[in-house]
Amino acid sequence: MKFLDAIAAEHRLIEAVSGALRTWAGAVGGAGAEPEDGERFMCFFRDFAGGFHHAREEGVLFPALVREAELGADSGPLAALTAQHRAMERALAALAELVAARASGPPLLAAVHGYLRPLGQHIDAEDSVLLPESRTRLMRAGLLELPEVAPDAAAAAARADGERLVARYPGTDDPEGLRGEGCVVCPSFGDTCQGVEREWWSELEWEDFRDRVG
Ligand SMILES: [Fe+2]
Ligand SMILES: [Fe+2]
């Protein structure tokens, strides 16, 4: 499904720009990092990661799962992922204030991690659970494709900025950022969402599972 492939490809770009942001934030205030690039990073995460990528998940993918696969919008994974989008917007707004104030050093890095660590876990949960589940459930409902939405001028400019920033700042990993696969890595697991099996599996799927594991 091209739509889901595009979402996954956008995750790779968001991760690459995340690595570049960590590099920039670690260097800004000294040599090798332009302070003005801070606004470009904020622009990428606000207008591309938020305004285009998250907006398409919420505006196209989640409603299709509710409509076609009869999944709940107000509880479980879709509500959890939507709430994570809102929480990341708040973390990004706090980071953007520091960037606008030309902050550097530990306060800036703390705000960068405060935004990027949940974002990384959110991407992992989507890559390892949401996207494969969406593929299976939408195909089972007979839906082979979702409508693609072209980026508007702001999102297209933000994506181009992001690609330039990746070329300019070699990515830095975050050794303290927990990453992984499955619901256990999701920030909402055990809190507002009890995992895909408990939230989404039908009695038929549980029966099939029991048959397979004996
Ligand atoms: Fe998302
Ligand atoms: Fe996503």
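The structure reproduced in this document is the subject of the present report. (Residues numbered from 1 in each chain as written. Chains lettered and ligands numbered in written order. Predicted model: local features only at pLDDT ≥ 70, side-chain atom pairs only at ≥ 80, totals over all residues. Heavy atoms only, no water.)

### Considering empty space enclosed by the protein
What the rule picks out here adds up to one cavity of 30 Å³ or more. Quantified by volume, the largest cavity comes out at close to 130 Å³. Along the wall of the largest cavity there are 13 residues; nearest its centre are Pro-77, Ala-125, Val-129, Cys-183 and Cys-186. Going through the elements one at a time, helix 3 (76-100) and helix 4 (106-140) are the ones with two or more residues in the lining of the largest cavity. Along the lines of polarity and charge, the residues of the lining of the largest cavity split into 10 nonpolar, two polar and one charged. (1 Å grid on protein atoms, 1.4 Å probe; cavity = no way out; pocket = protein on both sides within 12 Å on 5 of 7 lines; lining within 4 Å. Points joined across faces, edges and corners; volume = space filled by probe spheres on them. Helix = DSSP H or I, 4+ residues; strand = E, 2+ residues; numbered from the N terminus. Nonpolar A, V, L, I, M, F, W, Y, C, P; charged D, E, K, R; others polar.)

### Let's talk about the coordination of the iron ion (ligand 2)
With distances of 1.9 to 2.2 Å, the protein atoms coordinating the iron ion (ligand 2) are His-11 (NE2), His-53 (NE2), Glu-57 (OE) and Glu-126 (OE). Geometry at the iron ion (ligand 2) is irregular, judged from its four donor atoms and the angles of 83 to 170° they form at the metal. All donor residues of the iron ion (ligand 2) come from one chain, and their arrangement in sequence is H-x41-H-x3-E-x68-E. In this structure the iron ion (ligand 1) is found 3.3 Å away from the iron ion (ligand 2), and Glu-57 serves as a bridging donor for the pair. Here Glu-126 lies in helix 4 and His-53 lies in helix 2 (residues 37-69), a separation of 73 residues in the sequence. Considered together, His-53 and Glu-126 belong to a single accessibility category, that of buried residues. (Donors = N, O, S within 2.8 Å, 3.2 Å for Na, K, Ca; no water. Tetrahedral: all angles 85-135°; square planar, octahedral: opposite > 155°, others 65-115°. Buried < 20%, exposed > 50% of the residue type's maximum accessible area, 1.4 Å probe, protein only.)

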